[in-house]
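# Residue-level structural notes
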Amino acid sequence: MKASFLSTFRVFLFLRRSRSMGLFATLLCLGTVLSSSHPVFSLGSLCSAPLNGGTAAPGDPYWLESIKHQGTSAFNPNPSSYQVFRNVKDFGATGNGVTDDTAAIKTYLVSSAINTYYYTQMIGDARNPPTLLASPNFSGFAVIDADPYIPNGYGAQWFVNQDNFYRSVRNLIIDLRQIPASTTAIGLHWQVSQATSLINVIVEMSTASGNKHQGMFMENGSGGFMGDIVFNGGNYGIQVGNQQFTVRNLTVNNANIAVSGIWDWGFTFQGVTINSCQTVGSEAIIDAVVTNTPIFVRTSTASNGKLGGSLVLNNIKLNNVPTAVGVNNGPTVLAGGTVTITSWGQGNVFSGTSGTPTFTQGNIVSASKPSSLLDSSGRIFGKSHPQYANYAASQFISVKSQGAAGDGHTDDTAAIQNVINQFSGRDDVTHHAMYSTPGCMIIFFDAGTYYITNTITIPAGTQIVGEAWSVILAGGSAFQNQNSPKAVIQAGTAGSTGLMEISDMIFSTAGPAPGAILLEWNVHDPSGQQGAAGLWDTHISQCPSGSVNTNCQAAFLGIHLTSGSSAYFEGTWVWTADHDLDAGNSAQISVFTGRGVLSQSAGPVWLIGTASEHAALYQYNLAGAQNHWIGFPYYQPVPAAPAPYSSTSTYSDPSFSSSINMAWGMWVQSSYNIILFGAGFYSFFQNYAQSCLNTWNCQSQIFNIDSSSTITVYSLSTVGTTYQLSVSQIGVVNESSNQDGFQETLTVWSR
C-alpha cells in the first residue's frame, strides 16, 4: 500500500563537525581507491588521466560542502527561490557544543527534536562527522524524529507510517549523555518506509545501571535499509518494529538490551557485532559476533512445540555467551559458550514438494554459499555507500555546469550524454573481452529533474552521485513500443567489465512509456574485485496517474540484470505508485508497469535491502541466474495478468492462465546457487478491495520455483496468499501451516 512520490520540495541539510569540539574520536570513512585491472585504453574526450584516488588534503573540507550548489526542486511553485542545499552554519548554527543551535535548523547542541520531512537528506561531514549534542534539559520525543506525534492528537502522527518515504541520515554522532540517565531519551525515532536509509551513524548513551536511554525507537512502518550504525550504552541499543527491514553492519556495545524486536513480518540482520550487552531479540541473523553477553537471543514466550515466532541463525560466533537462545523467565533452548552456530532455526521447515511442516528447534539446512559472494573472512560481502570522503570538490563535474537544465521540461538527453562521454571511462575490446578504466571525474547530478527522450549510455568506469535523489525522467516516442522495449539508462555494454558506482538517484518515466526499461545493467566487476559495479540508495519509480488504458502504462521493465553482469544493489526500491501523495486525499490510482526486476546474471549478485512493488507480471524474476544473495510487496488491480502487457519469451516471462492470473512476487526458473535470506511477499488487494485478507486468498500463488532450480529460502513471510511457495506452479506450502500473527512465516524451504 504505497503512494506516488512527492517531488515538489526537497531539502538537503549539511552538517560539519566543528574542529574545536574534539569531544570524540573522528570516524573516518575512507574514500574508494579506484584502480583498474588492465591498462588504460581510452578515456572520456576531455580526460587526460584516470581518477585513481582522492586528492583532498587532510585539512580540506568534505567535497559536498565546498562544491558549487545549484540544485533545484523542479516542480516547486518557485524553483528558482527554493533552497535545496542548506548548510546549517549558514542559518546561524555555531557547532561549538555550547551555543544552543536548535533554532538554526537544530544542529550541534540541541534542546528539542529535529523533525524531518519528505525528501530530506541530513548529511554530516564524512571526513569529520559532527555531533548532535542533546542538552541536559532536552525536550522532545527523540533528537531526530522521522514521524512526530501530534500533541494532543490521541496517537496521530505527521505521516502515514507505511508511506513515510525518502529520508536519509548520514555521518552523524548523536550524544545523549548530558541527559540524566534517569530521564527517558531517544536518539532516533525512525518510523519509516521504503527509500530510507541510515548510514554511518553513532549514538552515544549512558552506561549507568538502570539508565533510560535508547539509541533508536521504531514502532511501525514498511522499510527500509540501514547500515554501518553503532550504538554505545543505553537500556536499549535499538527497539524496533516494522513490516520488513534490512540491517547491515550493526554494532551495539554495553547496552542492557542490544536489539529488542517489538514486532515484524521479517527483519534481516547481516553482519552484527554485540559486545558486553545483556539480551538480544531478533528474527533472521547472519554473520554475527557476540562477546561477553549472557544471552544472545531471548524470546518473550516459549514455542511449546509449534510456530510462535520464527528465528534463523547463520554463522554466529559466540564468545563467552552462556545462552545462545532462551525464553524470558523460561528454559534455555540452545546452549551457548564460546562456539560457532553454523545454521540453526526455530520454526516450520519444508523440503521439496511436501507441504507437511516439520517444527524444528535445532540445526537446519545450511545453504552452500558460492565463494564469489563471500568476503575474505567467509562472511557475505558488503560494501558501504560511496561517499568519496577523500576526494576534493575539483574531482567532481556538475551536469548543470555542463549545460543540463534539470527543470523537468527541457530535453537534457544530449547534455547528459555529452558529460558522460567527456568525463567517464570508456569500454574497450581487448582479447575478445571488454575492459574499462575509471573516468577522470565523478559526475555530480545537482538536485533536479532531468527530462530525457532517448537512452543514456553509461560506460563502465563511471561514478555518478545525485543530490537529494536527483531524477532522470524519461518520456517521448522512443519509449512507446512494448514490442520493442528500450533502455532509459544503459549501464555498461554487453561484456563490459569495470567500475560502476551510482548513488542517490531516481530513474523514472513521464508516462505513457510502455516500452521503457528503466535500467539495463550490463557491467561486471573486474577480476579480483567485489562490489565494484553497484547501486546505492538509488530507486526506480513510475507514477503517472490514470485508469486502465494505454496512457497509464508507465514502463516495460524496472531493472534488467543481463547475463554477463554482476551487481551489488543496496537499498534499491523498484516501485510503481498506487496512491497519489500529491493529492490531498492520497487518492488511489491505477498505473501499470510490466515487470519489476529481471535477473539473468550468472553473478555474483547481492540484492541487499531491495524491494519491488506493483508490477503486472512479477516483482522478481530469476531466469538462468546464478550465485545470488537476496536479503528483501504489491497489489493486484484489474485486469488479470499479464494485461495490459503481453508475455514474451524474449524476456523470460512467466506464463499465465485463467487460474493463475496475478503477478508473481518471485518467479525462479533454471537458476542455481540462490540464497534468499529474509523475504516478504504481500498481496493486500483485489482491485483495491481488502476483504480477501480475511480469508487469505487475495491470490492463490505468489512464489514459484521450477523443478530444476537450486534455491534455499529462509524466513519467508507472506500476506493474503493461499500458497506461500509453489513448485512448477503447483501450490506446496499452504498458509494455514504457518500463521504467525497477521502474516504467515515459513522458516526454511530447500530441495
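Keep in mind that this is a model prediction, so the values were computed, not measured.

Our focus in this paragraph is the pattern of salt bridges. In the structure shown here, the tally under the stated rule is 8 salt bridges. Note that Asp 228 is salt-bridged to Arg 248, the shortest N-O span being 3.6 Å. Of this pair, Asp 228 sits in strand 10 (residues 225-232) while Arg 248 is found in strand 11 (residues 236-253), placing the two residues 20 residues apart along the sequence. By the burial criterion, Asp 228 is buried, and Arg 248 matches it. Here the salt bridges share partners, and the residues they tie into one network are Arg 170, Asp 504 and Asp 537.

This paragraph deals with a nonpolar patch on the surface. Taken together, the side chains of Tyr 117, Ile 150 and Trp 158 present a nonpolar region at the surface, about 300 Å² in accessible area. Position of Tyr 117 among the secondary structure elements: in the loop between strand 3 (109-115) and strand 4 (120-124).

Moving on: unusual backbone geometry. Excluding glycine, a negative phi dihedral is what most residues carry, and trans is how most peptide bonds are arranged. Put simply, Gly 603 and Pro 604 share a cis peptide bond, and its omega is 0°. The residue Pro 604 is located in the loop between strand 36 (592-599) and strand 37 (605-608) in this model. Geometrically, the link from Ala 643 to Pro 644 is a cis peptide bond, its omega value of 5° lying close to zero. Here the phi dihedral of Asn 673 falls at roughly 60°; this positive angle occurs in a residue that is not glycine. Following the sequence through the fold, Asn 673 ends up in strand 42 (residues 672-682). Judged by its relative accessible area of 35%, Asn 673 falls in the partly exposed class. Although it is not a glycine, Ser 715 sits at a positive phi angle of roughly 50°. With respect to the helices, strands and loops of the structure, Ser 715 is situated in strand 45 (residues 711-719). By relative accessible area, which is 11% here, Ser 715 ends up buried.

Here is the idea: a disulfide is a covalent bond, and it sits between the sulfur atoms of two cysteines. The full count for this structure, using the stated rule, is 1 disulfide. Shown here is the disulfide that connects Cys 47 with Cys 440, its sulfur atoms set 1.9 Å apart. Looking along the S-S bond of the Cys 47-Cys 440 disulfide, the torsion reads about -70°, which is the left-handed sense. Here Cys 47 is found in the loop between strand 1 (11-15) and helix 1 (63-66), whereas its partner Cys 440 is found in the loop between strand 22 (433-436) and strand 23 (442-445), with 393 residues between them in sequence. Per residue, the accessibility class of Cys 47 equals that of Cys 440, and both read buried.

For Gln 553, the position within the fold is in strand 33 (residues 553-561). Judged by relative accessible area, which is 4%, Gln 553 ranks as buried. Within the structure, Gln 553 has its side chain in polar contact with the backbone oxygen of Pro 644 (distance 3.5 Å). Setting aside residues no more than four positions away along its own chain, Gln 553 makes contact with Gln 482, Pro 512, Ala 513, Pro 514, Phe 592, Pro 644 and Tyr 645.

Before going further, it helps to examine the confidence of the model for the protein. Per-residue confidence for the protein gives a mean pLDDT of 87, with 88% of residues at or over 70. In the model, residues 17-41 has pLDDT below 50 throughout and makes 65 contacts with residues more than four positions away in sequence or in other chains.

Rules and cut-offs
Residues numbered from 1 in each chain as written. Predicted model: local features only at pLDDT ≥ 70, side-chain atom pairs only at ≥ 80, totals over all residues. Heavy atoms only, no water. Salt bridge = Lys/Arg side-chain N within 4 Å of Asp/Glu carboxyl O. Helix = DSSP H or I, 4+ residues; strand = E, 2+ residues; numbered from the N terminus. Buried < 20%, exposed > 50% of the residue type's maximum accessible area, 1.4 Å probe, protein only. Patch = residues over 30% accessible without salt bridge, like charges linked within 9 Å, V, L, I, M, F, W, Y side chains within 5 Å. Areas by Shrake-Rupley, 256 points an atom, 1.4 Å probe, with all protein chains shown as cover. Disulfide = S-S within 2.5 Å. Polar contact = N/O pair within 3.5 Å; in protein donor to acceptor, adjacent residues only side chain to side chain. Contact = heavy atoms within 4.5 Å. pLDDT = per-residue confidence, 0-100.

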